[in-house]
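# Chain and residue survey
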Amino acid sequence: MKEKELRRSQAVLPIGTVMKLTKLSARQIRYYEEQQLVTPKRNEGNRRMYSLNDIDRLLEIKDYLDEGINMAGIKHIYDEKARKQAQKKAQLEKPLTDADVRRILRDEFMSVSGLSKQNEFFFKHNKNF
DNA sequence: TTTCTCACA
DNA sequence: TGTGAGAA
């Protein structure tokens, strides 16, 4: 599922294609970029290059606009999304809770100090192993 | 030809 | 948001 994400993030579409795909004017597309709603990359000639993700976002923006949401409102929506993603990321970067650490230390302790005797006892009473 | 930036009778 | 000018 990583390859697919990379493809969707590949910025290869010129604004002309984006205009046809989204039915938005170049003026609008550039304006939304000015509002930080989309962040297309630039090629060697300073041309904007959009990814499929950008297309999706522009389509979303258009839907929100149709629903009567203004630029500020849309910005808030994406700000909230970014805030939640940042928290999830932070959670993934330090997945070890105190409970995790205690469990790991206990297991390690068992393996170095008590394991041999425990195994000895275990095997004596479980001949089928 | 297409896209970019800038500006507005 | 549209549109036109001049450049790349």
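Residues numbered from 1 in each chain as written. Chains lettered and ligands numbered in written order. Predicted model: local features only at pLDDT ≥ 70, side-chain atom pairs only at ≥ 80, totals over all residues. Heavy atoms only, no water.

Per an unreviewed UniProt entry, chain A goes by the name Glutamine synthetase repressor and belongs to Liquorilactobacillus ghanensis DSM 18630.

## A closer look at the sheet that holds strand β1 (residues 13-14)
Our working rule: In this description, strands pair whenever DSSP reports at least two bridges between them. Helix and strand assignments follow DSSP, with helices taken as H or I runs no shorter than four residues and strands as E runs no shorter than two, numbered in order from the N terminus.
If you walk across this open sheet you meet the 3 strands as β1-β3-β2, and the pairing is antiparallel. Each of the sheet's edge strands pairs with one partner strand only, and the pair in question is β1 and β2 (41-42). The sheet contact formed by β1 and strand β3 (residues 48-50) spans 2 bridges and is antiparallel. Residue pairing for β3: Pro-14 is matched across the bridge by Met-49.

## What about unusual backbone geometry?
Spelled out, the test is: Burial classes follow relative accessibility: with a 1.4 Å probe on protein chains only, a residue under 20% of its type's maximum area counts as buried, one over 50% as exposed, and anything between as partly exposed.
Positioned with a positive phi, Gln-36 is a non-glycine residue whose angle comes to about 65°. Mapped onto the elements of the fold, Gln-36 is located in the loop between α3 (26-34) and β2. Backbone geometry at Asn-46 places phi at a positive 70°, although glycine is not the residue there. Within the element layout of this structure, Asn-46 appears in the loop between β2 and β3. The exposure class assigned to Asn-46 is exposed, which follows from its relative accessible area of 52%.

## Some remarks on the nonpolar core
Under the convention used in this document: In plain words, nonpolar cores are sets of buried Ala, Val, Leu, Ile, Met, Phe, Trp, Tyr and Cys residues tied together by side-chain atoms within 4.5 Å. Contact definition: two residues touch when any of their heavy atoms are within 4.5 Å.
One finds Val-18, Ile-29, Tyr-32, Leu-58, Ile-61 and Ile-74 to be the most contacted residues of the largest nonpolar core, which totals 17 residues. Among the elements that take part in this core, helix α4 (residues 52-66) stands out by supplying 4 residues, more than any other. Non-local contacts of Ile-29, meaning those with residues more than four positions away in its chain, are made with Ile-15, Val-18, Met-19, Thr-22, Leu-24, Val-38, Tyr-50 and Leu-58.

## Description of the packing of helix α2 (residues 15-22) against α4
Counted only if it meets this: Helix axes use the C-alpha atoms of the stretch in contact, all axes being lines fitted to C-alpha atoms, and the angles between their N-to-C directions lie in the range 0 to 180 degrees. Reported orientations rely on four angle classes, namely roughly parallel under 35 degrees, roughly antiparallel over 145, roughly perpendicular from 65 to 115, and oblique for the rest. Here a crossing is taken to be left-handed if its near helix is turned anticlockwise relative to the far helix by less than a right angle, and right-handed if that turn runs clockwise.
Remark: α2 packs on α4, axes separated minimally by 10 Å, with the N-to-C direction vectors making an angle of 45°. In terms of axis orientation, α2 runs oblique to α4. For the pair α2 and α4, the crossing hand works out as right-handed. When α2 is examined against α4, the residues Val-18, Leu-21 and Thr-22 are found in contact with a partner set consisting of Ile-55, Leu-58, Leu-59 and Lys-62.

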